[in-house]
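What the coordinates show
The lines below spell out each chain.
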Amino acid sequence: MDCLFCKIIAGEIPSTKVYEDDEILAFRDIAPQAPAHILVIPKEHIGGVDELTEENSFVVAHIFAKIAEIARKEGLADGYRVVSNVGEHGCQSVRHLHFHILGGKQLNGSMV
Ligand code: AMP
């Protein structure tokens, strides 16, 4: 499958890893939009939030538990934002489920 993030998981494309286990990978965004900008992805290929089901969504609970851990380790005690863009209107550019962790500065209050 021609998926950029599957290639990162396979080690075919380099990444700066922040956390990894059997189910998920976290790595630094190549074009950071905040001082801390980390992507957290499942190793199983799921296209986006719109492909989550009762069968595959268990990994999202694991991702969010690790997001809290990662944010603590990154020193984001003052807060941060977790974002998942979905599809064309959501400006999703990589069709592999991912959650952005954005922080390290005061973020804009506007969501769009
Ligand atoms: P989205 O636009 O929500 O689909 O987010 C995709 C994110 O992947 C963007 O923030 C990109 O900067 C990031 N990205 C694209 N290629 C790479 C890469 N090779 N390594 C790390 N992050 C990447």
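In case you missed it, the structure is sitting above this.
Predicted model only: the values in this text are computed from it and were never measured.

Turning to the pattern of salt bridges, a few remarks are in order. On inspection of all chains with the given rule, the structure shows 7 salt bridges. For E51, the salt bridge identified is with R95, shortest N-O distance 3.2 Å. Separated by 44 residues along the polypeptide, E51 in the loop between strand 3 (36–42) and helix 2 (58–73) and R95 in the loop between strand 4 (80–83) and strand 5 (99–103) bring together distant segments of the chain. The exposure class of E51 is partly exposed, given its relative accessible area of 38%. Classification of R95 by relative accessible area gives partly exposed; the value is 36%. Its salt-bridge partner being E69, residue K66 comes within 3.0 Å of it at the nearest N-O pair. Of the two residues, K66 and E69 are both situated in helix 2; the distance of 3 residues between them amounts to about one turn of the helix.

The full set close to the ligand counts 16 residues, and D29, N85, S93, H98 and H100 are the nearest of them. In the environment of the ligand, an oxygen atom lies 2.5 Å from a nitrogen or oxygen atom belonging to the side chain of D29. The contact in question runs from an oxygen atom of the ligand to an N or O atom on the side chain of H98, over 2.9 Å. In isolation the ligand offers 500 Å² of accessible surface; the protein chains occlude 84% of this area. The site holding the ligand turns out to be the largest pocket.

What follows concerns the state of the cysteines. The full count for this structure, using the stated rule, is 0 disulfides. You can see C3 has no disulfide; the closest cysteine sulfur is in C6, sitting 3.7 Å from it. Classification of C3 as buried rests on a relative accessible area of 5%.

The next thing to look at is the environment of R95. Put simply, R95 and N85 are 10 residues apart on the chain and 9.7 Å apart in space, counted from C-alpha to C-alpha. Those residues in contact with R95 that lie beyond four places of it in its chain are C3, H45, I46, G47, G48, D50, E51 and G87. A polar contact of 3.0 Å, which involves the side chain of R95, links it to the side chain of D50. Side chain to side chain, R95 and Q92 meet in a polar contact 2.8 Å long.

Before going further, it helps to spend a moment on the side chain of H100. Topologically, H100 is positioned in strand 5. Among the polar contacts made by the side chain of H100, one reaches the side chain of H37 at a distance of 2.8 Å. Beyond its immediate stretch of four places on either side in the chain, H100 contacts D29, H37, I38, L39, R81, V82, V83 and N85.

What counts, and at which threshold
Residues numbered from 1 in each chain as written. Predicted model: local features only at pLDDT ≥ 70, side-chain atom pairs only at ≥ 80, totals over all residues. Heavy atoms only, no water. Salt bridge = Lys/Arg side-chain N within 4 Å of Asp/Glu carboxyl O. Helix = DSSP H or I, 4+ residues; strand = E, 2+ residues; numbered from the N terminus. Buried < 20%, exposed > 50% of the residue type's maximum accessible area, 1.4 Å probe, protein only. Near = heavy atom within 4 Å. Polar contact = N/O pair within 3.5 Å; in protein donor to acceptor, adjacent residues only side chain to side chain. Areas by Shrake-Rupley, 256 points an atom, 1.4 Å probe, with all protein chains shown as cover. 1 Å grid on protein atoms, 1.4 Å probe; cavity = no way out; pocket = protein on both sides within 12 Å on 5 of 7 lines; lining within 4 Å. Sits in = over half its atoms within 2 Å of the grid points. Disulfide = S-S within 2.5 Å. Contact = heavy atoms within 4.5 Å.

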